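In case you want the letters, here they are:
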Amino acid sequence: MNEETKEVNEIEFEQPLEEEIEEIPSIKRKVFADQGDPEIDSLYRKYKDGDLIIQPDFQRQFVWDAAKSSRLIESALLDIPLPVIYLSEEKDGKEYVIDGQQRLTAFFSFIDGKFPDGRDFKLTGLKVFRELNRKTFIDLKETDKKLQRKIRYCKIRTITFREESEQDLKFEIFERLNTGAVSLNDQELRNCIYRGKYNELLKRLSQNSDFIYLLGLRNPDKRMKDIELVLRFAAFYHFTYLNYKPPMKKFLNNDMEKYQHISELETAELTNAFKNTVMIIRSLLDNHAFKRFYKGDDKNPNGYWEPKKFNASLYDILMGSFAKEDKNKVYQNLDSIREALIYLMTSDQEFIDTIELSTSSVQAVTKRFDKWRLTLQDVIGISQKEPRCFSLKLKQELYDNDPTCSICGQKIQNIDDAAIDHIEQYWTGGKTIPENARLTHRYCNWSRPRRKE
């Protein structure tokens with residue numbers, strides 16, 4: 001693992017794609033919900049039968065301690081009204097807990113006699129029913145069966161969103177119901193709403209060793225950002241950037257809904273495309289993947305790579321461009337492709353704007369994909385015409401011989417910041433040959449006066 005690999009398993013974004021406000025059409029503002037007051041015993045039996053999922057993997061694990069869980073049991077014994085439990089009915093016929101996981105887990109753990117981590121559940125910290133401290137659910141049956149029944153037959157209000165509810169509005173509602181100490185993010189919510197084969201595929205792909213390396217993670221991201229990045233790749237792969245419409249959240253939701261029950265053939269196709277893509281990008285950029293390169297300025301001509309922050313816009317175009325390219329042809333031109341990408345990041349202001357400003361707009365997405373696609377195609381087809389760019393091999397030879405910038409006279413700190421300039425300019429007939437080459441800083445080459453073609 002490279003030295004820049006994060007100790008903390010979380011991706012730090014340079015500038016997250018800003019979201020545009022989406023208005024949900026009136027014809028899609030339909031939510032179907034059932035209200036009820038089931039007994040804890042009834043919910044417990046549904047849980048044991050596998051029809052009620054209280055800890056779906058999108059949820060946080062059980063975090064209440066014994067004292068807080070015990071106070072909930074005491075509240076039930078005191079007939080104190082309990083907060084509403086929100087459930088979601090999904091296509092598999094099961095109900096998933098959206099809000100209320102901790103409460104239901106506390107009730108069910110007390111009935112089972114153990115917490116999810118295997119610890120015995122004995123009541124503790126009770127202030128009214130002090131005589132019940134250190135008691136288990138089984139103990140209550142022996143001492144006061146009436147209290148045990150009171151817990152089993154305690155009623156709790158539930159609101160269940162039925163399966164036929166509009167998915168977009170369902171997503172919006174779940175966001176608003178998200179009342180945990182740390183709110184669930186979009187991808188964690190998608191794990192509830194769009195459960196199925198596709199969801200599991202995205203998780204598997206996020207564990208690809210090349211992908212983990214490129215993201216600089218030791219383990220999966222704590223907030224599922226790595227899984228969302230796989231989804232971003234898949235959405236652009238399926239729909240292409242030409243069909244992108246903001247906000248990004250809806251673009252990704254649409255992809256998850258359409259492929260929720262993905263076929264085996266589609267799974268194989270997406271898996272192969274993803275694996276080939278991350279393999280290419282690792283060879284191309286190594287630990288600089290999905291990060292910016294900045295050229296120097298008039299005070300300091302030395303350029304540099306962004307050391308930590310991840311640029312989602314660069315991720316989209318790189319992952320999207322190599323997914324359907326001939327891998328052999330790409331590998332034949334890796335050096336030129338790398339040089340072309342760094343050139344765009346340092347010298348093309350239109351491209352720079354699309355990865356810095358209004359990055360989620362249709363115009364920005366289209367512009368950066370178009371510019372990179374045309375640049376890539378120009379490089380891949382370079383053998384069919386006279387090359388405009390010098391080879392990396394020649395640049396390495398010049399750099400090893402003398403890393404001094406021919407324009408400012410200062411040392412060039414690293415080879416990625418070095419550019420080979422045509423002594424006789426290309427558009428005036430200057431040949432791309434060693435005799436017509438000189439080594440410069442990218443900034444110096446970019447800022448030097450040029451005679452128009």
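## Some thoughts on the environment of valine 128
- With respect to the secondary-structure elements, valine 128 resides in the loop between α3 (101-112) and α4 (137-143).
- Separated by 53 residues in the primary sequence, valine 128 and serine 75 place their C-alpha atoms 9.6 Å from one another.
- With near-sequence residues (within four places) excluded, valine 128 lies in contact with Glu74 and Leu78.

## What about helix α12 (residues 264-285)?
- When the terminal C-alpha atoms of α12 are compared, their 32 Å separation across 22 residues agrees well with the 32 Å that a helix rising 1.5 Å per residue should span.
- Looking only at α12, the buried set comprises Thr267, Leu270, Thr271, Ala273, Phe274, Thr277, Val278, Ile280, Ile281, Leu284 and Leu285.
- Immediately downstream of α12, the backbone of aspartate 286 shows phi near 55°, a positive value.

## Describing the pairing of strand β8 (residues 418-422)
- Buried residues dominate β8, accounting for five of its five residues.
- By the alternation rule, side chains of β8 split into Ala418, Ile420 and His422 and Ala419 and Asp421, which are all buried.
- Examined bridge by bridge, β8 and strand β9 (residues 437-441) share five bridges and lie antiparallel to one another. Considered in β9, the bridge of isoleucine 420 is made with leucine 439.

## Remarks on the packing of aromatic side chains
- Here the structure, examined in full by the defined rule, presents 23 aromatic pairs.
- A ring pair is formed by tyrosine 198 and tyrosine 259, whose centres lie 5.9 Å apart and whose planes are at 50°; its orientation type is tilted. With tyrosine 198 in helix α8 (residues 197-206) and tyrosine 259 in the loop between α11 (248-258) and α12, this residue pair connects regions lying 61 residues apart in the sequence.
- On the basis of relative accessibility, which here comes to 10%, the residue tyrosine 259 falls in the buried class.
- Ring pairing ties together the aromatic residues Phe236, Phe239, Tyr241, Tyr244, Phe251 and Phe369, which thus form one cluster.
- Cation over ring: arginine 282 sits above tyrosine 213, and NZ or CZ is 3.7 Å from the ring centre.
- Above the plane of the ring of tyrosine 237 lies lysine 324, whose end atom (NZ or CZ) is 4.8 Å from the centre.

## Focus: the confidence of the model for the protein
- Per-residue confidence for the protein gives a mean pLDDT of 86; residues scoring 70 or more make up 87%.
- Confidence drops under pLDDT 50 across residues 1-8; counting only partners more than four residues distant or on other chains, this segment forms 15 contacts.

Scoring rules and cut-offs
Residue positions are given per chain, counting from 1 as you read along its sequence in written order. The model is predicted, so local features are restricted to residues of pLDDT at least 70 and side-chain atom pairs to those at 80 or more, both for listing and for counting; the totals for chains, interfaces and linings are taken over all residues. Excluding hydrogens and water, the side-chain figures rest on all heavy atoms present in the structure. Helix and strand assignments come from DSSP, with helices taken as H or I runs of at least 4 residues and strands as E runs of at least 2, each series counted from the N terminus. For this analysis, residues touch if any pair of their heavy atoms sits within 4.5 Å. A helix is expected to reach a length of 1.5 Å times the quantity of its residues less one. When accessible area is computed with a 1.4 Å probe and restricted to protein chains, residues below 20% of their type maximum are described as buried, those above 50% as exposed, and intermediate ones as partly exposed. Following DSSP output, two strands are said to pair if at least two bridges run between them. Stacked, edge-to-face and tilted are the three classes for Phe, Tyr and Trp ring pairs, Trp counted by its six-membered ring, which pair at centre distances within 6.5 Å; planes under 30 degrees apart are stacked, over 60 edge-to-face, the rest tilted. Only Lys NZ and Arg CZ are tested; either one counts as a charge over a ring when it is within 6 Å of the ring centre and within 35 degrees of the ring normal. pLDDT expresses how confident the predictor is about each individual residue, on a scale running from 0 to 100.

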